[in-house]
Amino acid sequence: MDKLFDIIFLDEAFEFLCSLNKKHYEKILFNIRKAQNEHNSELFKKLKDEIWEFRTLYQGLQYRLLAFWDKTNSENTLVVSTHVFIKKRSNIPDNEIQKAKQLRVKYFENKEKLKKNKKQ
């Protein structure tokens, strides 16, 4: 079965994952790979606007990787993970969603600048 999407991690998400205990990191990656191959709202679901979350519960910790879709390349659908946090309340904090939105805007601005520079 083909993957539904590829994933990339922005620096902050990657650094957070690298800082984790190996078993926690592996569980998160296992859930991401699972979400890449099947529609499962327990693992990957839309929050609001264009922001989505990867969900992992491991050893009592609720990890949330916020992300967005990049469908600008017709051959390769990407999900871009902006950052990770450990969820402590029932709702996702608004400041985390706002942060993901800001990183999304910055990502697409940088992508557009690179595209323009290549044309020159």
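Structural data are supplied above this passage.
All values derive from a computational prediction rather than experimental measurement.

1. Concerning the sheet that holds strand 2 (residues 44-48)
Across the sheet, which stays open at both edges, the 5 strands sit in the order 1-5-4-3-2 with mixed pairing between neighbours. Each edge of the open sheet is held by one strand with a lone partner, namely strand 1 (6-9) and strand 2. Taking the axes of each pair of neighbouring strands and ignoring which way they run, one obtains an average angle of 40° across the sheet. Bridging between strand 3 (residues 51-58) and strand 4 (residues 61-70) involves 7 bridges; their strand directions are antiparallel. Directly across from Glu53, in strand 4, lies its bridge partner Leu66. In this fold helix 2 (residues 22-37) packs onto strand 1, strand 2, strand 3 and strand 4, with an angle of close to 130° to the strand it touches most, strand 3. Against the sheet, helix 3 (residues 94-119) contacts strand 1, strand 2, strand 3, strand 4 and strand 5 (78-87), and its axis sits at roughly 35° relative to strand 4.

2. Here we look at the nonpolar core
Residues Ile28, Ile32, Phe54 and Leu65 are the most contacted members of the largest nonpolar core, which totals 17 residues. Listing elements by their share of this core, those giving two or more residues are helix 1 (11-19), helix 2, strand 4 and strand 5. Tallying contributions element by element places helix 2 first for this core, with 4 residues. With residues up to four places along the chain from it excluded, the contact list for Ile32 reads Ile7, Phe9, Phe54 and Leu65.

3. Notes on unusual backbone geometry
Even without glycine at this site, Asp49 takes up a positive phi of about 55°. Looking at the element boundaries, Asp49 is found in the loop between strand 2 and strand 3. Judged by its relative accessible area of 43%, Asp49 falls in the partly exposed class. Positive phi, normally seen in glycine, also occurs at Gln59, with a value near 50°.

4. A word on the pattern of salt bridges
Evaluation of the coordinates by the stated rule reveals 8 salt bridges. Salt-bridge contacts for Lys3 lead to Asp6; the nearest nitrogen and oxygen are separated by 2.7 Å. You can call Lys3 partly exposed: its relative accessible area is 47%. For Asp6, a relative accessible area of 24% puts it in the partly exposed group. With a closest N to O distance of 3.5 Å, Lys48 and Asp94 form a salt bridge. Residue Lys48 is located in strand 2, and its partner Asp94 is located in helix 3; the two are separated by 46 residues in the primary sequence. For Lys48, a relative accessible area of 37% puts it in the partly exposed group. Here the residues in one salt-bridge network are Glu53, Arg55 and Arg64, joined through shared partners.

Conventions adopted
Residues numbered from 1 in each chain as written. Predicted model: local features only at pLDDT ≥ 70, side-chain atom pairs only at ≥ 80, totals over all residues. Heavy atoms only, no water. Pairing = 2+ DSSP bridges. Helix = DSSP H or I, 4+ residues; strand = E, 2+ residues; numbered from the N terminus. Axes fitted to C-alpha atoms, helices over the stretch in contact; angles between N-to-C directions. Contact = heavy atoms within 4.5 Å. Core = buried A, V, L, I, M, F, W, Y, C linked by side-chain atoms within 4.5 Å. Buried < 20%, exposed > 50% of the residue type's maximum accessible area, 1.4 Å probe, protein only. Salt bridge = Lys/Arg side-chain N within 4 Å of Asp/Glu carboxyl O.

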